[in-house]
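# Reading the structure
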Amino acid sequence: MFTTLAIVAILVYESSGFFKHVSLKEFLTDTQWTPLFAEAHYGILPLVAGTLTTTMVALVVAVPLGLTIAIYLSEFASHRLRETVKPILELLGAVPTVVYGYFALLIVTPLLQMIIPNLPGFNMLSAGLVIGLMIIPYVSSVSEDAMRAVPRYMREGSYAMGATRLQTALRVVVPGAFSGLAAAFILGISRAVGETMVVAIAAGMQPNLTFDPREPAATITAYIVQVSLGDLPHGSIGYQSIFAAGLVLMLITLVFNVIGFFLTRRFREAY
Amino acid sequence: MAAVAQLTLEDLRAGLGWRKQLDKLFVIVGLLVMIACLAILAILFLDLVRDGASRFGWDFFTSFPSRKAERAGILSAAVGTTMIMFVTALVALPVGVAAAIYLEEYAPKNWFTGIIEINVTNLAGVPSIVYGLLALGLFVYQFGLGQSVLSAGLTLALLILPIVIVATREALRSVPKAIREAAYGLGATRWEVTRDHVLPYSTGGILTGLILGLSRAIGETAPIITIGALSFIAFLPPSPVSGEFPFLNFEWLRSEFTAMPIQMFNWVSRPDQAFQANAAAAGAILLGMTLLMNALAIWIRYRFRKRINW
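Residues numbered from 1 in each chain as written. Chains lettered and ligands numbered in written order. Predicted model: local features only at pLDDT ≥ 70, side-chain atom pairs only at ≥ 80, totals over all residues.

## Regarding the overall build of chain B
To keep it simple, the criterion reads: By the criteria applied, helices consist of DSSP H or I runs no shorter than four residues and strands consist of E runs no shorter than two, each listed in order from the N terminus. Whether a residue is buried, exposed or partly exposed follows from its count of other C-beta atoms within 10 Å of its own C-beta, namely 20 or more, 12 or fewer, or something in between, respectively; the C-beta atoms are built from the backbone. Placing a C-beta atom from the backbone of each residue, one calls two residues in contact when those atoms lie within 7 Å.
When helices and strands are tallied, chain B shows 12 helices and zero strands. A buried classification covers 43% of the 310 residues belonging to chain B. Relative to all contacts within chain B whose residues are 6 or more apart in sequence, the contacts with residues 24 or more apart total 77%.

## A few points about the overall build of chain A
Broken down by element type, chain A carries 12 helices and zero strands. In sequence order, chain A lays out its α and β elements as α-α-α-α-α-α-α-α-α-α-α-α. Of all 271 residues assigned to chain A, the portion counted as buried reaches 52%. Excluding contacts between residues fewer than 6 apart, the proportion of contacts in chain A whose partners are at least 24 apart in sequence is 73%.

## Let's talk about the nonpolar core
To keep things clear, this is the line we draw: Here, a nonpolar core denotes buried Ala, Val, Leu, Ile, Met, Phe, Trp, Tyr and Cys residues that are linked to one another through C-beta atoms within 7 Å. All the domain ranges listed were derived from an automatic or database domain assignment.
Formed by 161 residues in total, the largest nonpolar core has its most connected members in A:A104, A:V130, A:V198, A:A202 and B:I160. For this core, the element with the most residues is helix 7 (residues 149-173) of chain B, which contributes 16 residues. Each of domain 1 (2-53) and domain 2 (56-307) of chain B gives at least three residues to this core.

## Concerning the interface of chain A and chain B
So the rule is basically this: All residues other than Ala, Val, Leu, Ile, Met, Phe, Trp, Tyr, Cys, Pro, Asp, Glu, Lys and Arg, Gly among them, are scored as polar; the first ten of these are nonpolar and the last four charged.
Contacts between the two partners involve 56 residues from chain A, matched on the other side by 57 residues from chain B. Among the elements that make up the side of chain A that touches chain B, the one with the highest residue count is helix 5 (residues 97-115) of chain A (nine residues). For the side of chain A that touches chain B, the per-class residue count stands at 38 nonpolar, 16 polar and two charged.

## Considerations on the environment of A:A49
Here A:A49 is to be found in helix 3 (residues 45-76). The class for A:A49 is buried, based on 21 C-beta atoms found within 10 Å.

## Side note on the environment of B:M260
Residue and element names in this part refer to chain B. Within the secondary structure, M260 sits in helix 11 (residues 260-268). Using a count of 24 C-beta atoms within 10 Å as the deciding quantity, one classes M260 as buried. With 25 residues separating them along the chain, M260 and I285 place their C-alpha atoms 8.9 Å apart. Not counting residues up to four positions away in its chain, the partners in contact with M260 are I74, A77, A78, T81, A282 and L286.

## Here's the deal with the domain arrangement of chain B
Its domain assignment divides chain B into domain 1 (2-53) and domain 2 (56-307). Taken together, the residues of the side of domain 1 of chain B that touches domain 2 of chain B sort by class into four nonpolar, one polar and one charged.

## Focus on the packing of helix 4 (residues 79-92) of chain A against helix 6 (residues 124-148) of chain A
All names here are of chain A. Heads up, the rule is: Every angle, taken between N-to-C directions, lies between 0 and 180 degrees, and every axis is a line fitted to C-alpha atoms, over only the stretch in contact when it is a helix. Here roughly perpendicular refers to angles of 65 to 115 degrees, roughly parallel to angles under 35, roughly antiparallel to angles over 145, and oblique to all remaining angles. By definition, any crossing whose near helix is turned counterclockwise from its far helix by less than a right angle is left-handed, and any crossing with a clockwise turn is right-handed.
Relative to each other, helix 4 and helix 6 sit at 140 degrees, their axes nearing to 8 Å. When the axes of helix 4 and helix 6 are compared, the pair comes out oblique. Between helix 4 and helix 6 lies a crossing whose hand is left-handed. Note on element contacts: helix 6 touches helix 4 through P137, S140 and S141, opposite K86, L89, E90 and L92. The residue inventory of the contact of helix 4 with helix 6, partitioned by class, reads three nonpolar, two polar and two charged.

## Side note on the environment of B:A107
With respect to the helices and strands, B:A107 occurs in the loop between helix 4 (75-106) and helix 5 (111-123). Setting aside residues no more than four positions away along its own chain, B:A107 makes contact with B:Y102 and B:T113.

Pasting the structure below:
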C-alpha cells in the first residue's frame, strides 16, 4: 500500500537535488537536453516531444483498429468466435516488450524504408506503429466489455425503429458506452507513454525537438534507460536527472488519468 | 413535414437497401481488421523463430555471453531470470494475498480503505520504468541492497503486486456468502473462516493471478535495467545449496545479475548481424516461456472451476 507514496517521495526527493542545480525555468524552456555533455543543457522539451509523437502515432493505429475489433466482437461476432478470439488477443498483451522492440527495429523499419526511401534506421514512426499494435488488445478488450454492458433493451429499441446492426452499434451502443471507451483509450495512452523498450531499441536515443515521426528521437523513458545502461555515480547530476525525467513522466500519465476521470464522470450513462 | 410527405416507398426501400449493404460491408471490414492484426503478429513471431533457429542447440543454453556471436549463450541470463522469479514469487504471494484478505474480509468501508482501493487500481497504470526508479532510489541506495538479485526480485514483486491483489480479491469475492455464514453459524472466528473455508476455495484464482503476474515480470526489461543489471556476466551467482553445514546460503541474493530480456536487449542493440540471430533465439525462448505460463494459468483456472460445485 505504501508503494505510491514511496514512488512520489523518492521521485521528489531525488529530483530536488536536480532542481537545486537547474532552475525550473531552464528545465521547462530550454530546447536542448544534453545533461551528460561538458556543456550541459537541461531542457525537458525534446524528450516530451518525442514521447508525445510516438504516443500519437501509436494512438492513430490503435484507436480505429481497436474500436473496429471491439464493435465487431461485441455486436456482430458469434459467441464462439468471441470466446476464441478474446483470449488470443489478451495473450498478445503478455508478449515481452523487448520482443516488440526487436520487431520494430529489424522487421518494421526495413519494410517502411521500402515505402519511404529516406527513412533513417532509427525513427519514431516504426516504434509508434509497433506500440500501436501492442496496445490494440488493451483498447479492444476494455472497449468490448464497456459495449457489452450497454443493456439489451436499448439495442432492441433501436432495432424496432428499423435500424441496422451497424447503425445501432454506432449511434446507440458507442454513445452509451462512451465512459468505458474513454477509460479504454486512457489505458492505451498510459501504456504508450510509459512504453520503454520499443522506443529505446527502435527510435534511437538522440534527444531531438521535433514532432516529425520520420526522425529519430529519444523519449523520456528511453533517456532513463540510456543513463541506466552507463555506470553513473550515485548523487551525480546525471543520476538526479533521471528522477526528474521520471517525475515528468508520472505527471504526464497523471494528467491523462485526471482527464479520463472527468470524461468518465461527465459522460457516464446510468441505466 | 413537407419533406417527409415527398418520400416515396421506393426512396425508403433504396435507403434501407443501402443501409443493409453498409451493415454487410462492416462485417467484412471487422473480420478483415481482426484477421490482419492476428496475421501480422503471427508473421512476426514466425520470423523471430526462423531468424533464431540457427542458434538453437545445447551450446546456446550452456554458454556464457561472449564477444563472438556464435559462441555466446544464455546460461547466466537464464539462471539470473530463474533466481529473480523465485524471489519475486516468494515476496509477491504472501504480501499480495495478505493485502487482498485484509481488503476483502477485514477492512471496514470508510474513506481510508476507499483511498487504498483507488490507489491499488491506479498502481496498475504506473509505467514500469517508474518502479525501476523507485527501486533504484529505495532498494539499491537507501536500503543498501546494491545492484543485486534481491533488489531485482523485490522490484518485480512490487510491480506485480497489484495484479496478484486484484486476482486474489476476485477469487475471494466469488466464494458464496452462504459458506461463510454457515461457518460463522458454527462459531468460527473470522480468521478460521478465512483460513479453512474461503482460502481453499480461492486457491485456483490466486495461483492464476500469481502466474499471470510472473509471466509479466519475466519479460520486464526496463525496471531491471534501471536498477543496474549488467549485460555481460560470465559467471554464475554462488549456488544456493552447498554440501556442508548449513546446506543453504543466501550469498546469491547479493550477487550481480543479468536476465533474459536484458541479454536480448544487449544483442539487439549491436550492429553486428550475427548477434541479431542470438537476439531472435533469446526472444523466441522468452516468448515461449511467457506463452507457456499463460497457458498454465488458463489450465489451472479451468481445473479448479471444474472441481468446485456449489
